[in-house]
Every structure is written in structure tokens, then in C-alpha cells.
Amino acid sequence: MKHPRTHAWKAAAATTAGGLVLAGLRTATGRPVRSAPTLAAAGAGLAAGGLMAYEWLTPRSWLYGPVFWHARTAERVVALTFDDGPCYPYTGQLLEILDREGIRATFFQVGNNVMREPNLSAEVASQHEVGNHTFTHPHLTWSQPGTVRDQLLRGQEAIHNATGTLPRLFRVPHGWYGPQVISVAGDLGMKCVGWSVMAWDWDRPPSDVIQSRILHGAGPGGVTLLHDGQDTQAFPMADRSHTIAAVSDIISSLKANGYGFRTVPELMDLDAAG
Ligand SMILES: [Zn+2]
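Residues numbered from 1 in each chain as written. Predicted model: local features only at pLDDT ≥ 70, side-chain atom pairs only at ≥ 80, totals over all residues. Heavy atoms only, no water.

**Topic: the overall build of the protein**
Piece 1. Looking only at helices and strands, one finds 10 helices and 9 strands in the protein.
Piece 2. Along the three orthogonal principal directions, the C-alpha set of the protein runs to about 70 × 40 × 40 Å.
Piece 3. In the protein, the proportion of contacts linking residues at least 24 apart, taken out of those at least 6 apart, comes to 73%.
Piece 4. Carbon and sulfur atoms make up 58% of the accessible area of the protein, which amounts to about 12,700 Å² in all.
Piece 5. Averaging the locations of the 22 positively and 23 negatively charged side chains of the protein gives two centres separated by 12 Å. (Helix = DSSP H or I, 4+ residues; strand = E, 2+ residues; numbered from the N terminus. Contact = heavy atoms within 4.5 Å. Areas by Shrake-Rupley, 256 points an atom, 1.4 Å probe, with all protein chains shown as cover. Lys, Arg positive; Asp, Glu negative; His and termini not counted. Charge placed at Lys NZ, Arg CZ, Asp CG, Glu CD.)

**Re the packing of aromatic side chains**
Piece 1. Enumeration according to the criterion identifies 4 aromatic pairs in this entry.
Piece 2. Ring centres of Phe170 and Tyr177 lie 6.4 Å apart, and the angle between their planes is 75 degrees; on these two criteria the pair is classed as edge-to-face.
Piece 3. Through successive ring pairs, a cluster of aromatic residues spans Tyr88, Tyr90 and Phe235. (Phe/Tyr/Trp six-rings, centres within 6.5 Å; stacked < 30°, edge-to-face > 60°.)

**A few points about helix α6 (residues 145–163)**
Piece 1. Helix length check: α6 (19 residues) gives 27 Å between terminal C-alpha atoms against 27 Å at 1.5 Å per residue, within 8%.
Piece 2. Among the residues of α6, those classed as buried are Val148, Gln151, Leu152, Gly155, Gln156, Ala158, Ile159 and Thr163. End-on, the buried residues of α6 take up no more than an arc of 165 degrees, which puts them together on one face.
Piece 3. Those residues of α6 that are buried lie in contact with β3 (106–109), α4 (111–116), α5 (118–127), β4 (129–132), β5 (169–170) and α7 (179–187). (Expected span 1.5 Å × (residues − 1). Buried < 20%, exposed > 50% of the residue type's maximum accessible area, 1.4 Å probe, protein only. Arc of directions from axis to C-beta.)

**Quick look at the coordination of the zinc ion**
Piece 1. Taken together, the protein donors to the zinc ion comprise Asp84 (OD), His133 (NE2) and His137 (NE2), at separations of 2.1 Å.
Piece 2. Each donor residue of the zinc ion belongs to the same chain, and together they define the spacing D-x48-H-x3-H. Taken as a pair, Asp84 in the loop between β2 (77–83) and α3 (90–101) and His137 in the loop between β4 and α6 lie far apart in primary sequence, 53 residues in all. In terms of burial, Asp84 and His137 fall into one category: buried. (Donors = N, O, S within 2.8 Å, 3.2 Å for Na, K, Ca; no water.)

**Digging into helix α8 (residues 207–217)**
Piece 1. Those residues of α8 not exposed but buried are Ile210, Gln211 and Ile214. Relative to the axis of α8, the buried residues are bounded by an arc of 100 degrees and lie together on one face. Every exposed residue of α8 that faces more than 90 degrees away from the buried side is listed here: Asp208 and His216.
Piece 2. Next to the buried residues of α8 lie β7 (197–198), β8 (222–227) and α9 (241–256).

**Examining the side chain of Gln180**
Piece 1. Residue position: Gln180 is located in helix α7.
Piece 2. Judged by relative accessible area, Gln180 falls into the buried class, the value being 13%.
Piece 3. Within the structure, Gln180 has its side chain in polar contact with the backbone oxygen of Ser143 (distance 2.8 Å).
Piece 4. Those residues within four positions of Gln180 in sequence are excluded, and the remaining contacts are Trp56, Leu140, Thr141, Trp142, Ser143, Pro145 and Val148. (Polar contact = N/O pair within 3.5 Å; in protein donor to acceptor, adjacent residues only side chain to side chain.)

**Some details on the packing of α6 against α7**
Piece 1. The interhelical angle for the contact between α6 and α7, taken along N-to-C directions, is 45 degrees, at an axis separation of 9 Å. Classified by the angle between their axes, α6 and α7 sit oblique to one another. As α6 packs across α7, the resulting crossing turns out to be right-handed. The residues of α7 that touch α6, namely those facing Pro145, Val148, Arg149 and Leu152, are Gln180, Val181, Val184 and Ala185. (Axes fitted to C-alpha atoms, helices over the stretch in contact; angles between N-to-C directions. Parallel < 35°, antiparallel > 145°, perpendicular 65-115°, else oblique. Left-handed = near helix turned anticlockwise from the far one by under 90°.)

Now the structure itself:
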């Protein structure tokens, strides 16, 4: 079944095309460009087109289908999410921290990395929620639906072979959903997930910077984004030491501020109940 917002984006597309065509026709038939109706038609077309472009690129897309990026709640809870793993030795270090703190998190794993570290992937899945983050971590924003489908299915297969579970969540690599990505993920039974706060930790800023960026942006129902791997690379090319060093302090500060921790599906349930 198609998402109801299929109609919303078609209406936006019609407004874009209609507004621009009308403005063009009026101009072509000799009406003054600066007349109010021409400007209004062009303005409506550009605004609707701008909305479509923005919604194509934002990690919090709404127009083309649902992308979950936070729970609407006043409850002090957050979901910690980690992308691009599993990756030795960082994923194992992270599992120890989370175990010590009694926290369940959500990991968006790359199929290629899962095949390299199947046991680590299975260890994550035994304690935490695992989502699909494609097979080779490509930019999918402008990809054909067939390419998107292939990346998602190969990711599902790798994770299923390693862990015995089939992910219900998907996060697009590099953060930019396109309508075709949301649609394919939905057809394959996966919910798209964004985030409410991230730390640009792929640039390897110092751990205190990673910590302050996350704490500054975290709020009730928030979804944090950090990385326990780096694309499809392995150690030592992948270096997530700064992120791992920040995680314990992030958790203790959030706990000190009264926050509890949930997996993404638990946040989704909370959102649906609210
Ligand atoms: Zn990623």
C-alpha cells in the first residue's frame, strides 16, 4: 500500500509545474512579467518546488513518506544510535560500555562490514536493536529504485545470515533520503529512521566536542547519531576512538539530567501512544 503522502507530494509537484507554466505562458503571451498574477504563479511554483527539493534532501523528510527522527513526548528519554559498524575494536568497546550502563541502543549496520565481522554483528543483535544501513554505504539520494532495492536486500541478507534477525529499520547512508528510497524501504517492510542530534563525529573532532554537541542537542524523545565504524573501512583506516571516548561521559551526563534510554522501536511506540 502506498503512503497517503503520495498525494501530498503529487499536489506539490502539480503546484510547482502549474505555477511555473502559468507564469511562463503569461510572459510568453506578452503580459508584463511584474504583474501580480504572473509573480504569484511564479512564486507559488518556486515555493512548492523549493519544498520538494528540501524534503528530498532533509534527513527529517515528511512530504514523500514517514522518516522517524524523534518521538513527540515530554518524557526524558533518548535513543542512542550508532552507524557504520560493526567495526573491530570499537563496536566491542561500545558493547562493554552499554552493558555496564544497562542500556540498549540501536545499531545501523553496513552489510559489507557484517560479512567481515559476523560474530560481532551477532553479539550486537543479541543485546540491541539492529537496523539496515545498506550493503556498501553508497549515496542513494539520486539512485534508481532498483539500485536502492538491491542495496537494501543485500544488507538484509548479510544481517540475517549473521544474526538470524531481519531488520525492521533502515537508515540511509549520508543522511539524505529521496522519495524513491523511502518508497523502496516501505515496500520491503522497513521504517526509515533519521536523527534529531548528531556530532559530525566522522570528522574525528576531540571527544569533548563530540560530547558537547550531543548534550547540547539532546532533548526529550531525541535520537542521537554517532558512529562505531566508518563506511566500509576496517581498522586501522576506520578510527572511532574519539567517539568511543565520548560515549561514557555522554551517558553519565544524560543520566544526571534525568534521562532514560530507549531503542528506536521503543521510541516509536512512545510516539504512537502520545
Ligand atoms: Zn553511515
